[in-house]
Amino acid sequence: MNLDQQWAREWVRLAAAVLSEHRLELVSLDREIGDGDHGENMDRGFSAVTGKLSQLPGEASASDIFKLVGMTLISTVGGAAGPLYGTAFIRAATATAGAQTVDSDGLVSLLTAARDGVVARGKAEVGDKTMVDAWTPAVDAAAAAAQDGSDPAAVLAAAAQAAEAGALATEPLVAHKGRASYLGERAVGHRDPGAQSSALLLRAAADAAAGA
Amino acid sequence: MSASVGLVFVSHSDKVAAGLVEIARQMAPSVAMAAAGGTDDQAVGTSFQKVGDAIRAVNSGSGVVILCDLGSAILTAETAIELLDPPGHEVHIVDAPLVEGAVAAAVAAETGAPVAEVIAAAQSANRSAPDDAKDPPAAAGGYRRIVTLTNRDGLHARPAAEFVKLAATFGVPVTVNQVDAKSLLGIMSLGLVSGATVEIASDESGGAAAVDALADLVESGFGEK
């Protein structure tokens, strides 16, 4: 079944809930190798998004929703995560502009545009121990699933699973971007908080589609 | 003369950003400068809204130069530029040491320099030593004067800024002990204190007026004595 604006709304609702639930986990990951504010920042950003989304008319498209999410995150999430996630959602809004529903190929375009936004903004590559280490495997897995004829829910499930594996795989890495890059070898053994929050976000997208 | 280039300082701390305006303002009283420090609720971080407001506030059509502190300040500034409403501002982020770059950019903007020269001035702060001094130009002919610094602070801070501003009003290349007379940081890094001997020179025909004006300024003691 193709995904519509109901799915986009549900994704945001679940993302806000899961980020609130995992706030302390993200704070603790960020304390190890960053400045310790990632959990608070993401929770604050998505709380603000939830408030604004309730004022958006019910007929607002997925693209409208993503744009609102992006602009709100940029304005309310302190630190690098605001511009990074904000740019991701704004690029996703552009990728879905004018579409009533999103099919499997449309989802791949959406995820690719979001990932490309993160890369353009942060200039990180795979292996730099950043959120890109969750996003790029997710995009690749989504593309492979769509190629095999999977429906949108299955495409998102594949993306979420790959993002989780990608986040886990940041643990042995030395960081080359972001605050953790100042730590050198001391970052080894710690999971990147941005990759972890990316995995949580993509899992929320998959759960929203599974329930649709 | 058209309006000067505007400057925006983006820092994780509102105090740092405001302090930069304070320091730079001393040498560039008429340049439009804005601080964009801290988050919207004055916590440590950067604000998309503050950066956007700052750009709009200082842009008078001659362009805006932004200096940033740590990584996410650059991400916020880049995002603010990309989504600026209304669009169409000429905005550049310069990678330069914050304090030295801010002062150098402000002094260049004060002279009415175009945006490319303001950027170059800020970037010149990336050099720890004045490279120009190691490579003296072949002086054939030209005009030079040797004067002694009599003022208390020598060629530092405010006097140096005054000197650079005057040098920029002449269209000819002039050097101070072989360093470009228009480079604030180049001159300041010569470390010329009170009592030092200074050679002001121009190899260009027509450079004499500029050399005389600058030598007279040095001999005047910059009004501080």
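In this text the structure is predicted, and so the values were computed from the model without any measurement.

Criteria and cut-off values
- Residues numbered from 1 in each chain as written.
- Chains lettered and ligands numbered in written order.
- Predicted model: local features only at pLDDT ≥ 70, side-chain atom pairs only at ≥ 80, totals over all residues.
- Helix = DSSP H or I, 4+ residues; strand = E, 2+ residues; numbered from the N terminus.
- Rg over C-alpha atoms; globule rule 2.2 N^0.38 Å.
- Buried ≥ 20, exposed ≤ 12 C-beta atoms within 10 Å, placed from the backbone.
- Contact = placed C-beta atoms within 7 Å.
- pLDDT = per-residue confidence, 0-100.
- Axes fitted to C-alpha atoms, helices over the stretch in contact; angles between N-to-C directions.
- Parallel < 35°, antiparallel > 145°, perpendicular 65-115°, else oblique.
- Left-handed = near helix turned anticlockwise from the far one by under 90°.
- Nonpolar A, V, L, I, M, F, W, Y, C, P; charged D, E, K, R; others polar.
- Core = buried A, V, L, I, M, F, W, Y, C linked by C-beta atoms within 7 Å.
- Pairing = 2+ DSSP bridges.

1. As for the overall build of chain A
Argument step 1. When you go through chain A residue by residue, the secondary structure sums to nine helices and zero strands.
Argument step 2. Each helix and strand of chain A, ordered N terminal to C terminal, gives the series α-α-α-α-α-α-α-α-α.
Argument step 3. The C-alpha atoms of chain A give 16 Å as radius of gyration, which agrees with the globular expectation for 212 residues (17 Å, within 12%).
Argument step 4. Principal axes of the C-alpha set define a box for chain A whose edges measure 50 × 40 × 30 Å.
Argument step 5. Relative to its full complement of 212 residues, chain A shows a buried share of 60%.
Argument step 6. Taking the contacts inside chain A whose residues are at least 6 apart along the sequence as the reference set, 68% of them involve residues at least 24 apart.

2. Notes on the confidence of the model for chain B
Argument step 1. Of all residues in chain B, 92% have pLDDT values of 70 or greater, and the mean over the chain is 87.
Argument step 2. Segment residues 129-138 of chain B: pLDDT under 50, and 14 contacts once partners within four positions in sequence are set aside and those in other chains are kept.

3. A look at the packing of helix α7 (residues 132-147) of chain A against helix α8 (residues 152-168) of chain A
Residues and elements named next belong to chain A.
Argument step 1. Two elements in contact, α7 and α8, have axes separated by 7 Å at closest approach and are oriented at 150°. One element, α7, and the other, α8, form an angle in the roughly antiparallel class. Both α7 and α8 take part in a crossing whose hand is right-handed. Counted together, D133, A134, W135, P137, A138, D140, A141, A142, A145 and A146 of α7 and A154, V155, A158, A159, Q161, A162, A163, A165, G166 and A167 of α8 form the full contact between these two elements.
Argument step 2. Among the residues making up the contact of α7 with α8, the classes are represented as 16 nonpolar, two polar and two charged.

4. Things to note about the nonpolar core
Argument step 1. A:A142, A:A159, B:V8, B:A105 and B:A106 are the most contacted members of the largest nonpolar core, which has 145 residues in total.
Argument step 2. Discounting residues that sit within four places of it in the chain, B:V8 has contacts with B:A34, B:A36, B:V51, B:A54, B:I55, B:V58, B:V64 and B:I66.
Argument step 3. Residues A:I33, A:L173, A:A175 and A:A180 belong to the second largest nonpolar core, which totals five residues.

5. Structural notes on the sheet that holds strand β8 (residues 197-202) of chain B
All names here are of chain B.
Argument step 1. The strand order across the open sheet formed by four strands is β5-β8-β6-β7, and the pairing between neighbours is antiparallel. For this open sheet the edge positions go to β5 (143-148) and β7 (179-180), each flanked by a neighbour on one side alone.
Argument step 2. One ladder, built from six bridges, connects β5 with β8; its direction is antiparallel. The residue of β8 that forms the bridge with T148 is T197.
Argument step 3. Running at roughly 0° to β5, helix α8 (residues 208-219) makes contact with β5 and β8 of the sheet.

6. Thoughts on the environment of B:S13
All names here are of chain B.
Argument step 1. Secondary-structure assignment places S13 in the loop between β1 (6-11) and α1 (14-27).
Argument step 2. As a C-alpha pair, S13 and D69 span 56 residues in sequence and 9.4 Å in three-dimensional space.
Argument step 3. Dropping the residues within four chain positions of it, S13 is found in contact with G37, G38 and V44.

7. Remarks on the packing of helix α4 (residues 62-76) of chain A against helix α5 (residues 81-95) of chain A
Residue and element names in this part refer to chain A.
Argument step 1. Relative to each other, α4 and α5 sit at 165°, their axes nearing to 7 Å. Accordingly, the angle class assigned to the pair α4 and α5 is roughly antiparallel. Note that α4 runs across α5; the crossing there is left-handed. Residues S63, F66, K67, V69, G70, M71, L73, I74 and T76 of α4 lie in contact with α5, whose contacting residues are G82, P83, Y85, G86, T87, F89, I90, A92 and A93.
Argument step 2. Each residue belonging to the contact of α4 with α5 can be placed in one class, and the counts come to 11 nonpolar, six polar and one charged.

8. Let's talk about the interface of chain B and chain A
Argument step 1. Counting from both sides, the interface comprises 12 residues of chain B and, opposite them, 13 residues of chain A.
Argument step 2. Secondary-structure elements contributing two or more residues to the side of chain B that touches chain A are α2 (48-58) and α3 (71-82) of chain B.
Argument step 3. Here the side of chain B that touches chain A takes six residues from α3(B), the largest share from any one element.
Argument step 4. For the side of chain B that touches chain A, the residue count by class is three nonpolar, eight polar and one charged.

9. A few points about the sheet that holds β1(B)
Residue and element names in this part refer to chain B.
Argument step 1. Pairing is parallel across the open sheet formed by four strands, whose spatial order is β2-β1-β3-β4. The strands lining the two open edges of the sheet, one partner per strand, are β2 (33-37) and β4 (91-94). Each adjacent strand pair in this sheet contributes to an overall mean axis angle of 20°, direction not counted.
Argument step 2. As paired elements, β1 and β2 share five bridges and run parallel to each other. From the neighbouring strand, S11 faces β2, where its bridge partner is G37.
Argument step 3. On the sheet, α1 packs against β1 and β2 and is oriented at approximately 165° with respect to β2.

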